[in-house]
Number of protein chains: 4
Amino acid sequence: MRQIAVVGSDSELSGSVEKIAEGIGRDIAKEGCVLVCGGRGGVMEAACRGAKEAGGTTVGILPGLDKEDANSYIDIVITTGMGYARNSIVVSCADAVIAVSGRVGTLSEVALALNHGKPVVVVEGSGGISESVDQVVEGIHRAKPEEAVKAALDLI
Amino acid sequence: MRQIAVVGSDSELSGSVEKIAEGIGRDIAKEGCVLVCGGRGGVMEAACRGAKEAGGTTVGILPGLDKEDANSYIDIVITTGMGYARNSIVVSCADAVIAVSGRVGTLSEVALALNHGKPVVVVEGSGGISESVDQVVEGIHRAKPEEAVKAALDLI
Amino acid sequence: MRQIAVVGSDSELSGSVEKIAEGIGRDIAKEGCVLVCGGRGGVMEAACRGAKEAGGTTVGILPGLDKEDANSYIDIVITTGMGYARNSIVVSCADAVIAVSGRVGTLSEVALALNHGKPVVVVEGSGGISESVDQVVEGIHRAKPEEAVKAALDLI
Amino acid sequence: MRQIAVVGSDSELSGSVEKIAEGIGRDIAKEGCVLVCGGRGGVMEAACRGAKEAGGTTVGILPGLDKEDANSYIDIVITTGMGYARNSIVVSCADAVIAVSGRVGTLSEVALALNHGKPVVVVEGSGGISESVDQVVEGIHRAKPEEAVKAALDLI
């Protein structure tokens, strides 16, 4: 089954970013793909909620060792105990990576995804590093929120 | 959902060990638990086959980066690219660990599981390190094949 | 002892970038610090050569398992077998991180360094992501080549 | 330069085990090798003290992110933030591994060393898993304390 990673910050979201993340999670589920993420709050939680509402499957790859740190929409919890090194796992096990907003954590995931040769789609209008990372490195694709999952699937 | 790891060698199995591993996979699925493993052949593949026959969900945490290395009964593939360090992840994300036969790789997983404070059940009569590791370290539980999953659940 | 990481791409360098990297390695050694890096060629090799010429100590943290992959100016070789996840180790064990030129690998190291709360100095005029990453995330310091090590030490 | 790992528990040692670990550290330094270890107390600290008394170089590969967790005889501190997964790094970067006493942590390091194809020497009379692990897996060498480093070098 195809696995799509959603990366983005775990802090509180504006209403519009929350909606974007939820919609992307929903689209991933509707396309019959598994949603992979870092398992925490913010963008990850919103995307997982969207995926579960659409009957999808969600995987959370946590930095720590406590399963309780996963958001409540995660089906499969992978505790790693590896801290930020888990960012490499989140993107390596995805067929494509979609970034929504985000800060330095998300930046590391986008960079590691490119290292791993994975297609990366940043969502227009979601703010954060997703708006500007394509000014720093090549090979990143931009898409509107409602077209992000389709764009990611086309790139696989 | 409860996650149970099955660890054991990925080499060709005797018919009796294959049957043991399949049965344990089936029991994990029947108990409504997710089967987690290293995603490869041998004991892992047999256990996953058993779990899928019983309608369960399987997760394979691979040492490499190629999803195609997973056995054909894996639902969720976590490629890590971390080699043997992935053994720590396999056991850290499980609520309990069941060892079937096995050699040095399995020995490292049993030891890492104990490091992580996880309940470990070794299956009697399965051969390999599962027969003797409890002579070297304390805190390991023995169970007959048909009682291994129940023993693991009782220990969680 | 203080440990300073030098990050940058492992591809062939222009003469000017090579000189910059060598100079930074030399300055790290002159300040009595250990130079930590990813152990490969390019910026890493040039910086290590500079450090060894000045009598310093160098550590190479390799993605793979083969010690022979280290450049010939590495004193201590840490093979990790963890692929890109080793990028997190390179920066986590440094008191400060200096980026010279670089592409996506370097971008991931800069982002991971910020995740780990490490001071990051990018070298002006070295090209690559070091010229532009501070347009994407906050908290990055710029310095001329000859002032980079002093800037890093001031930030620790 | 050759790198020899010393593995063993980080708890308080009996006087005789402390002496054994110190002697092995001293012998590693006298042979011109770098001592690699997990960076903590107990056997690791005693071995590092021995190595430093003989003018050697010591590397500590820590599970956590705090350099201050290293024992006071460590020259190069590699913080990993990867918990027990760091055990794989400790042994993968060594040309040979010497085990002194130890419990489950040491058992995982011995098993991971064998996974990585490294020569493993367990020290006779040091207690713990070093006395019995060779009953569980093949390919482990036994040596008296004063002959352990020579045995390890002969096996490289």
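Residues numbered from 1 in each chain as written. Chains lettered and ligands numbered in written order. Predicted model: local features only at pLDDT ≥ 70, side-chain atom pairs only at ≥ 80, totals over all residues. Heavy atoms only, no water.

Novice: Break down the pattern of salt bridges for me, with residues and values.
Specialist: Tallied over the full model, the rule gives 36 salt bridges over all chains. Its salt-bridge partner being Glu22 of chain B, residue Arg49 of chain B comes within 3.0 Å of it at the nearest N-O pair. In this pair, Arg49 of chain B is assigned in helix 2 (residues 43-53) and Glu22 of chain B in helix 1 (residues 15-30), connecting sequence segments 27 residues apart. Residue classification places Arg49 of chain B among the buried positions, given a relative accessible area of 15%. Overall, the relative accessible area of 17% leaves Glu22 of chain B in the buried class. For the salt bridge of Lys67 of chain C with Asp95 of chain D, the shortest nitrogen-to-oxygen distance reads 2.8 Å. (Salt bridge = Lys/Arg side-chain N within 4 Å of Asp/Glu carboxyl O. Helix = DSSP H or I, 4+ residues; strand = E, 2+ residues; numbered from the N terminus. Buried < 20%, exposed > 50% of the residue type's maximum accessible area, 1.4 Å probe, protein only.)

Novice: If you had to explain the interface of chain C and chain B to someone new, which residues and values would you point to?
Specialist: Listed by partner, the interface residues are four residues for chain C and four residues for chain B. Buried area between chain C and chain B, both sides added, is near 270 Å², and the carbon and sulfur share of it is 68%. Among the residues of chain C in contact with chain B, Gly81, Met82 and Ala85 of chain C are the three that bury the most area, contributing 85% of the side total. Linking chain C with chain B are zero salt bridges. Counting every contact that joins chain C to chain B gives zero residue pairs in polar contact (both at pLDDT 80 or more). Residue composition of the side of chain C that touches chain B, grouped by class: two nonpolar, two polar and no charged. (Contact = heavy atoms within 4.5 Å. Buried area = accessible area lost by both parts, 1.4 Å probe. Polar contact = N/O pair within 3.5 Å; in protein donor to acceptor, adjacent residues only side chain to side chain. Nonpolar A, V, L, I, M, F, W, Y, C, P; charged D, E, K, R; others polar.)

Novice: Can you lay out the interface of chain A and chain C for me, pointing to particular residues and giving the numbers?
Specialist: Taken together, the contacts link 19 residues of chain A with 19 residues of chain C. A combined buried area of about 1800 Å² lies between chain A and chain C, and 75% of that area is made up of carbon and sulfur atoms. Considering only the surface of chain A that becomes buried against chain C, Tyr84, Asn115 and Val136 of chain A emerge as the three largest contributors, covering 34% of it. At the boundary of chain A with chain C, the tally comes to zero salt bridges. Of all the secondary structure elements, the ones that give two or more residues to the side of chain A that touches chain C are helix 3 (86-92) and helix 4 (104-115) of chain A. Ranked by the residues each element gives to the side of chain A that touches chain C, the list is headed by helix 4 of chain A, at eight residues. Residue composition of the side of chain A that touches chain C, grouped by class: eleven nonpolar, eight polar and no charged.

Novice: Could you give an account of helix 1 of chain B, with specific residues and numbers?
Specialist: Residues and elements named next belong to chain B. The end-to-end C-alpha distance of helix 1, which contains 16 residues, comes to 22 Å, matching closely the 22 Å that a straight helix rising 1.5 Å per residue would cover. Those residues of helix 1 lying buried are Val17, Ile20, Ala21, Glu22, Gly23, Ile24, Gly25, Ile28 and Ala29. Check the buried side of helix 1 and you find it contacts strand 1 (3-7), strand 2 (34-37), helix 2, strand 5 (96-99), strand 6 (120-123) and helix 5 (148-155). (Expected span 1.5 Å × (residues − 1).)

Novice: Which residues make up the relation of the copies chain A and chain C, and what values do they have?
Specialist: Between the two copies of the chain lies a relationship made up of a rotation around an axis and a movement along it. Superposing chain A onto chain C takes a rotation of 180° plus a shift of 0.0 Å along the axis, which leaves an RMSD of 0.0 Å. Both copies are brought into coincidence by an operation consistent with a two-fold rotation axis. Of all interface residues in chain A, 100% are interface residues in chain C too; the two copies therefore contact each other through one and the same surface. (Least-squares fit on C-alpha atoms with pLDDT ≥ 70 in both.)

Novice: Report on the packing of helix 1 of chain B against helix 2 of chain B, specifying residues and quantitative values.
Specialist: Each pair of packed helices gets described by two things: the angle between the helix axes and the distance between those axes. Residue and element names in this part refer to chain B. With their axes 6 Å apart at the nearest point, helix 1 and helix 2 run at an angle of 45° to one another. Taken together, the axis directions place helix 1 and helix 2 in an arrangement best described as oblique. For the pair helix 1 and helix 2, the sense of crossing is right-handed. Residue-level contacts link Val17, Glu18, Ala21, Glu22, Gly25, Arg26 and Ala29 of helix 1 to Val43, Ala46, Ala47, Arg49, Gly50, Ala51 and Glu53 of helix 2. (Axes fitted to C-alpha atoms, helices over the stretch in contact; angles between N-to-C directions. Parallel < 35°, antiparallel > 145°, perpendicular 65-115°, else oblique. Left-handed = near helix turned anticlockwise from the far one by under 90°.)

Novice: Just give me the short version of unusual backbone geometry, but keep the residues and values in it.
Specialist: Residue and element names in this part refer to chain B. Phi is positive for Ser101, close to 50°, though the residue is something other than glycine. Along the chain, Ser101 turns up in the loop between strand 5 and helix 4 (104-115). Judged by its relative accessible area of 14%, Ser101 is buried.

Novice: Could you give me a rundown of the relation of the copies chain C and chain B, with the residues and numbers involved?
Specialist: The transform that puts chain C on chain B rotates by 180° and translates by 0.0 Å along the axis, for an RMSD of 0.0 Å. When the interface residues of chain C are mapped onto chain B, 100% of them again lie at the interface, so the same face is used by both copies.

Novice: Before we move on, can you summarise the environment of Met44 of chain C with the specific residues and values?
Specialist: Residue and element names in this part refer to chain C. Mapped onto the fold, Met44 is located in helix 2 (residues 43-53). Exposure remark for Met44: the relative accessible area of 7% places this residue in the buried category. Separated by 26 residues in the primary sequence, Met44 and Glu18 have C-alpha atoms spaced 9.6 Å apart. Dropping the residues within four chain positions of it, Met44 is found in contact with Val6, Gly8, Ser9, Asp10, Cys37, Gly38, Gly39 and Asn71.

Interpretation note: all reported values are geometric properties and have no functional meaning in isolation.
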